[in-house]
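# Fold and contact review
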Amino acid sequence: MRKARLIAYRETSHDPIVNLWAFVGSFLGLGSIGLMQNVFYAIGNLDALFLIGAFGASSVLLFGMTNSPAAQPRKLIFGSIISAFIEVSVYQLFSSTDYIWISPALAVSLSILVMQYTKTLHPPGGAIAMIANIGSEEVREMGYFYVINPVITGVLTLFVVSILIKNLSKNRLYPYQEGNIREMKYLEKIQFWKRL
């Protein structure tokens, strides 16, 4: 019993400061996307087009699991864009009611396959690949504009917020790279393009 308790405690214990940074980052990232929703689509629109569920999952990876390979910029950005493009394409081909059952399954499966081949596997891409197939009529009517808005704008917003917020912490570096993080200055951390 003592060993099980020790293992469970060690697995679930966290640094409160790291948790606070995760909270602040996800709040600012998703709050910024929600603000864009209010600015661009506030009048007469009940559908939250910008706030898609996949952004919540991306926030968990970006702010809660900073060092995860799936949270790195290439996978975040390109995995999301690939999934959105495939999703809309599959919906355009199989939007008839006769094939409504195949469209979501094919979109997610193709997205996984393409992300694997392009080495951009981002798990929330599966959710992005399903939304245009099961979303509201307004979402389905957006067509390829959906890839630009909300997917690209939302992913880039989360990316910028993650660079700015996660590099403020002495214990975090985004994009992740091996090295002595504590000795780096803030501007050195956000110059990510030099390390990619």
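Nothing here was measured: the structure is a model prediction, and the numbers come from that model.

### Topic: a nonpolar patch on the surface
A grouping of Leu 20, Phe 23, Phe 27 and Leu 28 is seen on the molecular surface, where their side chains present a nonpolar patch of about 430 Å² in accessible area. Judged by relative accessible area, Leu 28 falls into the partly exposed class, the value being 38%.

### Things to note about the packing of helix α4 (residues 73-93) against helix α8 (residues 145-166)
At a minimum axis separation of 10 Å, α4 and α8 run at an interaxial angle of 165°. If you check the angle between α4 and α8, you find them roughly antiparallel. The element α4 and its partner α8 pack so that their crossing is right-handed. Together, Pro 73, Leu 76, Ile 77, Ser 80, Ile 81, Ala 84, Phe 85, Glu 87 and Val 88 of α4 and Tyr 146, Val 147, Val 151, Ile 152, Val 155, Leu 156 and Phe 159 of α8 make up the contact between the two elements. Across the contact of α4 with α8, the residue classes break down as 14 nonpolar, one polar and one charged.

### A word on empty space enclosed by the protein
In the structure shown here, the tally under the stated rule is one cavity of 30 Å³ or more. Taken as a whole, the largest cavity encloses approximately 30 Å³ of empty space. Val 88, Tyr 91, Gln 92, Ala 132, Val 139, Arg 140 and Gly 143 together form the lining of the largest cavity. Secondary-structure elements contributing two or more residues to the lining of the largest cavity are α4 and α7 (137-141). Broken down by element, the lining of the largest cavity gets its largest block of residues, three residues, from α4. Looking at the lining of the largest cavity, its residues break down into four nonpolar, two polar and one charged.

### Comments concerning the nonpolar core
Ile 52, Leu 62, Leu 76, Tyr 146 and Val 151 are the most contacted members of the largest nonpolar core, which has 32 residues in total. Of all elements in the fold, only α2 (16-41), α3 (53-64), α4, α6 (124-134) and α8 reach the threshold of two or more residues within this core. In terms of residues, this core owes the most to one element, α8, which gives nine residues. Aside from chain neighbours lying at most four places away, what touches Leu 62 is Ala 71, Leu 76, Leu 158, Ser 162, Lys 166 and Tyr 174. The next biggest cluster of nonpolar side chains, apart from the first, holds five residues, and it includes Ile 82, Val 90, Ala 107 and Met 115.

### A look at the environment of Ile 100
Within the fold, Ile 100 resides in the loop between α4 and α5 (102-118). Taking the relative accessible area as the measure of exposure, Ile 100 reaches 41% and is therefore partly exposed. Residues Ile 100 and Asn 133 lie 33 residues apart in sequence; the distance between their C-alpha atoms is 8.2 Å.

### Observations regarding α6
The buried fraction of α6 is high, at eight of 11 residues. For α6, the set of buried residues is Pro 124, Gly 125, Gly 126, Ile 128, Ala 129, Ile 131, Ala 132 and Asn 133. Looking at the buried residues of α6, the elements they touch are α3, α4, α5, α7 and α8.

### Side note on the side chain of Lys 166
Relative to the helices and strands, Lys 166 resides in helix α8. What makes Lys 166 buried here is its relative accessible area of 2%. Contact partners of Lys 166, with chain neighbours within four places excluded, come to Leu 62, Phe 63, Thr 66, Val 161, Arg 172, Leu 173 and Tyr 174.

Analysis parameters
Residues numbered from 1 in each chain as written. Predicted model: local features only at pLDDT ≥ 70, side-chain atom pairs only at ≥ 80, totals over all residues. Heavy atoms only, no water. Patch = residues over 30% accessible without salt bridge, like charges linked within 9 Å, V, L, I, M, F, W, Y side chains within 5 Å. Areas by Shrake-Rupley, 256 points an atom, 1.4 Å probe, with all protein chains shown as cover. Salt bridge = Lys/Arg side-chain N within 4 Å of Asp/Glu carboxyl O. Buried < 20%, exposed > 50% of the residue type's maximum accessible area, 1.4 Å probe, protein only. Axes fitted to C-alpha atoms, helices over the stretch in contact; angles between N-to-C directions. Helix = DSSP H or I, 4+ residues; strand = E, 2+ residues; numbered from the N terminus. Parallel < 35°, antiparallel > 145°, perpendicular 65-115°, else oblique. Left-handed = near helix turned anticlockwise from the far one by under 90°. Contact = heavy atoms within 4.5 Å. Nonpolar A, V, L, I, M, F, W, Y, C, P; charged D, E, K, R; others polar. 1 Å grid on protein atoms, 1.4 Å probe; cavity = no way out; pocket = protein on both sides within 12 Å on 5 of 7 lines; lining within 4 Å. Points joined across faces, edges and corners; volume = space filled by probe spheres on them. Core = buried A, V, L, I, M, F, W, Y, C linked by side-chain atoms within 4.5 Å.

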